[in-house]
Amino acid sequence: QVQLVESGGGLVQPGGSLRLSCTASGSIFSIYNMDWYRQAPGKQRELVAHSTSGGSINYADSVKGRFTISRDNAKNTVYLQMNSLKPGDTAVYYCNAHREVIGGTYSYWGQGTQVTVSS
């Protein structure tokens with residue numbers, strides 16, 4: 001029912017920056033939690049940034065001080081600003097929207113966008 005479309009990935013040199021975007025098909029961001037994950041080939045998907053509908057934010061230790069998650073509820077868009085990128089940040093990045101209610105959980109994923117950090 002909820003469609004997420006991601007964009008903003010690409011090839012960047014170490015130390016460079018990228019901003020990823022994830023836009024939802026409906027006005028859901030005011031009540032949904034929004035997260036960013038990443039997955040490199042042969043490795044498990046890992047949570048890199050988390051935000052709740054109430055405004056709480058948390059980051060993985062590996063990206064603290066370099067990545068910033070933010071929302072624009074009027075545009076139904078969540079962003080991941082990535083600065084000081086390292087080769088270890090190379091992965092497919094996914095956004096996730098989820099909301100826990102009585103009887104279960106609503107959870108939606110974007111298609112992913114490739115980020116490659118290389119000189």
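Provided above is the structure to which this section pertains.
Description of the structure in this document.

Calculation notes
Numbers given to residues run from 1 along each chain, matching the order in which its sequence is written. Under the rules for a predicted model, residues below a pLDDT of 70 receive no local features and side-chain atom pairs below 80 are neither given nor counted, while totals for whole chains, interfaces and linings still include all residues. Calculation of side-chain values draws on the structure's entire complement of heavy atoms; hydrogens and water are dropped beforehand. Secondary structure elements follow DSSP: runs of H or I of four or more residues count as helices, runs of E of two or more count as strands, with numbering from the N terminus. Type-normalised accessible area, obtained with a 1.4 Å probe on protein chains alone, sets the label of each residue: buried when under 20%, exposed when over 50%, and partly exposed for intermediate values. Pairs of N or O atoms are called polar contacts if they sit within 3.5 Å, as long as, within protein, a hydrogen donor faces a hydrogen acceptor (for residues adjacent in sequence, only side-chain-to-side-chain pairs). Between two residues, a contact is recorded if the distance between any of their heavy atoms is within 4.5 Å. A strand pair is defined by DSSP finding two or more bridges across the two strands. Convention adopted: a line fitted to C-alpha atoms gives each axis, helices being fitted over their contacting stretch, and angles between N-to-C directions are expressed from 0 to 180 degrees.

This next bit is on unusual backbone geometry. Positive phi, close to 50°, is recorded for Asn 76, a residue that is not glycine. Note on placement: Asn 76 falls in the loop between β7 (67-72) and β8 (77-82). What makes Asn 76 buried here is its relative accessible area of 11%.

Right, let's talk about the side chain of Asn 96 for a bit. For Asn 96, the position within the fold is in strand β9 (residues 91-101). When its relative accessible area of 3% is taken as the criterion, Asn 96 is described as buried. At 3.1 Å, the side chain of Asn 96 forms a polar contact with the side chain of Ser 107. Once residues within four sequence positions are removed from consideration, Asn 96 is found in contact with Leu 4, Asn 33, Met 34, Asp 35, Tyr 37, Ser 107, Tyr 108 and Trp 109.

This part covers the sheet that holds strand β3 (residues 18-24). The strand order across the open sheet formed by 4 strands is β1-β3-β8-β7, and the pairing between neighbours is antiparallel. The two strands at the open ends of the sheet, each matched to only one other strand, are β1 (4-7) and β7. Each neighbouring strand pair of the sheet contributes to a mean axis angle of 15°, computed without reference to strand direction. One ladder, built from 4 bridges, connects β1 with β3; its direction is antiparallel. Note on β3: the bridge partner recorded for Val 5 is Thr 23.

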